[in-house]
Amino acid sequence: MTTLNITLLAGGVGGAKAAEGLAKSHYADSTKIIGNIADDDEFHGLWVSPDIDTLIYSLGDQIDRQQGWGRKHETHQVLSELNALGQDTWMTLGDLDLATHIYRTNLKHQGVSASEITQRLAKRHGVTLPILLPTDDVVKTRVKTSKGWLSFQEFFVREHCQLDVIDIEYQGIESAKPTQAALDQIANSDVIIIAPSNPIVSIGAILAVPEIQQAIEHSGAYVIAVSPLIGGKTVKGPADKMLESAGKSIDSKGIYSCYYTFLNAMVIDEEDQQDTTWLKEQGLDVLVTPTLMKNPEEKTDLMSRVVEFALASQKQRAA
Ligand code: GDP
Ligand code: CA
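This section reports on the structure supplied with the text. (Residues numbered from 1 in each chain as written. Chains lettered and ligands numbered in written order. Predicted model: local features only at pLDDT ≥ 70, side-chain atom pairs only at ≥ 80, totals over all residues. Heavy atoms only, no water.)

## Some remarks on the pattern of salt bridges
Here's step 1: Per the counting criterion, the structure on display carries 13 salt bridges.
Here's step 2: Between Asp61 and Arg65 there is a salt bridge, and its shortest N-O distance comes to 3.0 Å.
Here's step 3: The residue Glu159 makes a salt bridge to Arg158 at a minimum N-O spacing of 2.9 Å.
Here's step 4: Judged by relative accessible area, Glu159 falls into the buried class, the value being 13%.
Here's step 5: When salt bridges that share partners are traced, they join Glu20, Asp61, Arg65, Lys72 and Lys299 into one network. (Salt bridge = Lys/Arg side-chain N within 4 Å of Asp/Glu carboxyl O. Buried < 20%, exposed > 50% of the residue type's maximum accessible area, 1.4 Å probe, protein only.)

As structure tokens, this is what we get:
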């Protein structure tokens, strides 16, 4: 019997919850993550990679659990001083967190790839699930609003996602080269899980890296997406506004339409049960279950059931 190979496509907070669930499940040794680098930005001359750091800090149990991002036991002395110096400090970067950004920037200047930097940071935090990047090139999500084009962090953090979204682009995506590690991982996957992450920015930016979506379509893996919506609403963040701007409905159908070219199954919350029939009519297997992950047990429980459902459904299809 060949060993099981699972890929998790993950954004930040929703992605990290799914990653933590898998890390504590029976499937930890079989799982690799592909993370999102398109929310990256520069602050105070430092390269910040919020979704990757959220994954590393969460899996390394260094995350501020209240916020869902940033380091626990954090202080903000450097930021206060930068503020006193008249710098923009709307992006909250704590002192411990800044060490990560200094380290990443320094290695980048030395020519070390983003994938390698990620591995070294993960090792520092005792993270055992491999975190792969879709590309080592720079891709930047830009959001068009009534205030013009903003960087993702300007929209998300500075403007608190308050502005209407007119359009979204991934700057640099055409010339981005996929990493061989991500392509190989996808090609060798038995199951690909799409975390309950923002389908337009977090997952959309991974899929938009040239060859990544095709690799998923051609992989032969069973692809299952956990919906980031509960009762037709986002748990947190602007996924609803972004679905709307992309002309998609804010429900399971809208999520399906982001992934329909490769999707085999969807996991939806009990509150969205009414979407089951429609999804099954599209040829999907559907798991209806509580999907809100508030604590370690709920994360492990949900993600274990997602894998078990995928493996059982895959077997049934093959029979
Ligand atoms: P970000 O990069 O930090 O914005 O995080 P992601 O893109 O990974 O995830 C954002 C999405 O996660 C939002 O649309 C939320 O609705 C969703 N989300 C967060 N927590 C949960 C949860 O416990 N269950 C489900 N189903 N979705 C969640
Ligand atoms: Ca993000």
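There is more to say, and it comes next.
## What to know about the site of ligand 1
Here's step 1: Within the structure, ligand 1 sits among 22 residues, and Pro196, Ser197, Ser202, Pro228 and Val235 are positioned closest to it.
Here's step 2: The separation between a nitrogen atom of ligand 1 and a polar main-chain atom of Thr291 is 2.7 Å.
Here's step 3: When ligand 1 sits alone it has 600 Å² of accessible area, and the protein chains cover 94% of it.
Here's step 4: In terms of residues, the shell around ligand 1 owes the most to one element, helix H1 (residues 13-23), which gives four residues.
Here's step 5: Here the shell around ligand 1 is built from residues that sort into nine nonpolar, ten polar and three charged. (Near = heavy atom within 4 Å. Polar contact = N/O pair within 3.5 Å; in protein donor to acceptor, adjacent residues only side chain to side chain. Areas by Shrake-Rupley, 256 points an atom, 1.4 Å probe, with all protein chains shown as cover. Helix = DSSP H or I, 4+ residues; strand = E, 2+ residues; numbered from the N terminus. Nonpolar A, V, L, I, M, F, W, Y, C, P; charged D, E, K, R; others polar.)

## Quick notes on the sheet that holds strand S9 (residues 191-194)
Here's step 1: Within the open sheet, the seven strands sit side by side as S5-S2-S1-S9-S10-S13-S14. Their pairing is parallel. In this open sheet, the two edge strands, each paired with only one partner strand, are strand S5 (131-132) and strand S14 (285-288).
Here's step 2: Pairing analysis gives two bridges linking strand S2 (residues 31-34) to S5, with the strands arranged parallel. Counterpart to Ile33 in the pairing with S5 is Ile131.
Here's step 3: Packing of H1 onto the sheet brings it into contact with strand S1 (6-9), S2 and S9, and relative to S1 it is tilted by some 155°. (Pairing = 2+ DSSP bridges. Contact = heavy atoms within 4.5 Å. Axes fitted to C-alpha atoms, helices over the stretch in contact; angles between N-to-C directions.)

## Let's talk about the side chain of Asp53
Here's step 1: Relative to the helices and strands, Asp53 is located in helix H2 (residues 50-59).
Here's step 2: At 2.8 Å, the side chain of Asp53 and the side chain of Arg104 are in polar contact.
Here's step 3: Non-local contacts of Asp53, meaning those with residues more than four positions away in its chain, are made with Asp97, Thr100, His101, Arg104 and Leu121.

## Thoughts on the packing of helix H4 (residues 95-109) against helix H5 (residues 114-124)
Here's step 1: For the pair H4 and H5, the least separation of the axes is 10 Å and the interaxial angle reads 145°. The two elements H4 and H5 meet at a crossing, and its hand is right-handed. Contacts between H4 and H5 pair Thr100, Tyr103, Arg104, Leu107 and Lys108 from the former with Ile117, Arg120 and Leu121 from the latter.
Here's step 2: Considering only residue class, the contact of H4 with H5 consists of four nonpolar, one polar and three charged. (Left-handed = near helix turned anticlockwise from the far one by under 90°.)

## Details of the packing of H1 against helix H13 (residues 296-318)
Here's step 1: Where H1 contacts H13, the two axes come as close as 7 Å, and the packing angle between them is 80°. Taken together, the axes of H1 and H13 are roughly perpendicular relative to one another. For the pair H1 and H13, contact is made by Lys17, Ala18, Glu20, Gly21 and Leu22 and by Lys299, Thr300, Met303 and Val307, respectively.
Here's step 2: Along the lines of polarity and charge, the residues of the contact of H1 with H13 split into four nonpolar, two polar and three charged. (Parallel < 35°, antiparallel > 145°, perpendicular 65-115°, else oblique.)

## Structural notes on the coordination of the calcium ion (ligand 2)
Here's step 1: Here the calcium ion (ligand 2) is held by Asp39 (OD), Asp51 (OD) and Asp51 (OD), and the distances to it run 2.1 to 2.6 Å. Remark: Asp51 occurs in helix H2 and Asp39 occurs in the loop between S2 and strand S3 (41-43); sequence separation between them is twelve residues. For the pair Asp39 and Asp51, one class covers both residues: buried. (Donors = N, O, S within 2.8 Å, 3.2 Å for Na, K, Ca; no water.)

## With respect to the packing of aromatic side chains
Here's step 1: For the structure shown, the criterion picks out five aromatic pairs.
Here's step 2: Where Phe43 meets Trp90, the ring centres are 5.5 Å apart and the plane angle is 85°; that geometry is what we call edge-to-face. Of this pair, Phe43 sits in strand S3 while Trp90 sits in the loop between helix H3 (77-84) and H4, and the two are 47 residues apart along the sequence.
Here's step 3: Residue classification places Trp90 among the partly exposed positions, given a relative accessible area of 24%.
Here's step 4: Both rings, one in Tyr259 and one in Phe262, keep their centres 6.0 Å apart while their planes meet at 35°; by these two values the pair is tilted. (Phe/Tyr/Trp six-rings, centres within 6.5 Å; stacked < 30°, edge-to-face > 60°.)

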